[in-house]
Amino acid sequence: MSTELASSAIGPTRRRWVVLCLLFGARTGLGYQFQSLASLSEPLIVELGFDHTTIGSLIGLFMLAGILLSFPAGLAARLASDRAWVVFGLIALAGGGALAAWSGSYGSLAIARLLCGVGFVFGTVYLTKMVGDWFEGRELATAMSVLVMSWPIGIALGQVLHPWIAVHLGWRAAFMIAGAYCLVAAAVVAIAIPSAPTAGNSLAGGARLAARNVVLTLLAAVVYGLFNASYVIYLSFAPLAIASAGVQPLAAAAIASVASWIMIVSAIVAGRFADATGRSDVVIYIGSLASMASLLALGQPGLSWPAVLLFGLVGAAPAGVIMSLTVEAMPAQARALGMGLFYTVFFLLMTVTPPLAGRLMDGVGTPAAPLALAAALVAGAALACVCFRFVQRLGRRA
């Protein structure tokens, strides 16, 4: 059945949610592929002689392409459809996974991670745009919250499945399976998802960002970037912290993944609460306090489970609410340019923080050090949110 016939077989409202489910599944592959390096760090350290700083740099390389390509990726809307760029991104992620599976050195793994990073950039930019086109003016906040949660679901799957596959089939098989998932997702997007009824090119009119919108976009990117950087550090070092309290490594990884599973629900609830009450800042600030408390408590005797639950239920819940700041930061007609700028800053922060966390781990010798850094990053995100609102108020007065 063709895409058009499949689309016409169901009503427009239901069609939007079917499309969202398919895009959700595709974006899950981004998180699953990203998590592969962190979850497979121990066998890589043992077999290839890496240290934690090297692992951190490979994690950061996944984000490096975003610094250079986010803005050009936004401009690329003139050259091909959103769907075509999403398919391109997923194929690049699949190719990076296959290359990683055959790697035997830092150089080849670095190239594989960079290739994955290219795919991640195009997938992130255009999956978000597609959801915005399908849900423009209708359940947009809810849809964006659902889409954002595909990332932690993919990561949670990786936390559980990558180590299991590595134990039973080898770490190379884990990379290969992650690539295969992305390849299947590319086929689904190409075949099953039609163009959005409201899809358009926001660059066609030569839109520009005013100076105030640039500042707001940069601040929104800092909030989201620091918040996500702290989450990545949690993913990498929370299992080590839990294991240091006497838990077996595989069990520690499973316990740490619970927060990612819980936040799938808590983030959507937080987004609905923010939409219904208009108190998005309250959600962000309470979540930041809970996140800092849980990050500092991880690994303490008897506190691992409470810390993981607090992180998932409250600390990670503002993710979708924070992403909604982008809507306030930039006008719709300049959204492609704004998102390019937003993701440039986001990827910059996501590139530099994992190696710093790894260096702290190697230097101090305890996972408490990188987790303390993660808590500091959350505090920085909350402060950037305060600055965002201050700039907004100045603009309204003007």
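All of these numbers come straight from a predicted model, not from anything done at the bench. (Residues numbered from 1 in each chain as written. Predicted model: local features only at pLDDT ≥ 70, side-chain atom pairs only at ≥ 80, totals over all residues. Heavy atoms only, no water.)

Asker: Just give me the short version of the overall build of the protein, but keep the residues and values in it.
Answerer: What the protein contains, in helices and strands, is 16 helices and zero strands. Overall, the C-alpha framework of the protein stretches about 55 × 50 × 35 Å when taken along its three principal axes. Taken across its 398 residues, the protein has 57% of its residues classed as buried. For the protein, contacts bridging at least 24 residues in sequence account for 85% of all contacts bridging at least 6. About 15,400 Å² of surface is accessible on the protein, with carbon and sulfur atoms providing 71% of the total. Of note, the protein has its 20 positive side-chain charges centred 9 Å away from the centre of its 12 negative side-chain charges. (Helix = DSSP H or I, 4+ residues; strand = E, 2+ residues; numbered from the N terminus. Buried < 20%, exposed > 50% of the residue type's maximum accessible area, 1.4 Å probe, protein only. Contact = heavy atoms within 4.5 Å. Areas by Shrake-Rupley, 256 points an atom, 1.4 Å probe, with all protein chains shown as cover. Lys, Arg positive; Asp, Glu negative; His and termini not counted. Charge placed at Lys NZ, Arg CZ, Asp CG, Glu CD.)

Asker: Which residues make up the layout of surface pockets, and what are the values?
Answerer: The computed volume of the second largest pocket comes to approximately 550 Å³. Contributing elements (two or more residues each) for the lining of the second largest pocket: α2 (12-39), α3 (41-48), α4 (52-75), α7 (140-169), α9 (211-244), α10 (249-277) and α15 (335-364). It is α9 that contributes the most residues to the lining of the second largest pocket, eight residues altogether. Among the residues making up the lining of the second largest pocket, the classes are represented as 19 nonpolar, eight polar and one charged. (1 Å grid on protein atoms, 1.4 Å probe; cavity = no way out; pocket = protein on both sides within 12 Å on 5 of 7 lines; lining within 4 Å. Points joined across faces, edges and corners; volume = space filled by probe spheres on them. Nonpolar A, V, L, I, M, F, W, Y, C, P; charged D, E, K, R; others polar.)

Asker: Got a sec to walk through a nonpolar patch on the surface? Specific residues and values, please.
Answerer: Side chains of Val160, Leu161 and Trp261 sit close together on the surface and give an oily, nonpolar patch of about 240 Å² of accessible area. Inspection of the secondary structure puts Val160 in helix α7. Note on Val160: relative accessible area 38%, which makes it partly exposed. (Patch = residues over 30% accessible without salt bridge, like charges linked within 9 Å, V, L, I, M, F, W, Y side chains within 5 Å. Salt bridge = Lys/Arg side-chain N within 4 Å of Asp/Glu carboxyl O.)

Asker: How would you explain empty space enclosed by the protein if you had to name every residue and give the values?
Answerer: This structure, assessed with the given rule, holds three cavities of 30 Å³ or more. The space that makes up the largest cavity amounts to roughly 120 Å³. Looking at the largest cavity, it is lined by 15 residues, and the ones nearest its centre are Phe227, Asn228, Tyr231, Met263 and Ala319. Looking at the lining of the largest cavity, the elements with two or more residues in it are α7, α9 and α12 (304-315). The element that contributes the greatest number of residues to the lining of the largest cavity is α9, accounting for five residues. Space inside the second largest cavity adds up to approximately 70 Å³. Lining the second largest cavity are Arg27, Phe120, Thr124, Trp151, Tyr224, Asn228, Met323, Tyr343 and Phe346. Grouping the constituent residues of the lining of the second largest cavity by class yields six nonpolar, two polar and one charged.

Asker: Can you break down helix α6 (residues 106-134) residue by residue, with the values?
Answerer: With 29 residues, α6 extends 41 Å between its outermost C-alpha atoms, agreeing within 8% with the 42 Å of an ideal straight helix rising 1.5 Å per residue. Taken across its 29 residues, α6 has 21 buried, putting it largely inside the fold. (Expected span 1.5 Å × (residues − 1).)

Asker: Tell me about the pattern of salt bridges, residues and numbers included.
Answerer: A complete count under the given rule lists three salt bridges for this structure. Linking Lys129 and Asp82 is a salt bridge whose minimum nitrogen-to-oxygen distance equals 3.1 Å. Of the two residues, Lys129 sits in helix α6 while Asp82 sits in helix α5 (residues 82-101), which places them 47 residues apart along the sequence. Between Asp281 and Arg389 there is a salt bridge whose closest N-O contact spans 2.9 Å. Taken together, the residues Asp281 in helix α11 (residues 280-297) and Arg389 in helix α16 (residues 368-397) connect sequence positions 108 residues apart.

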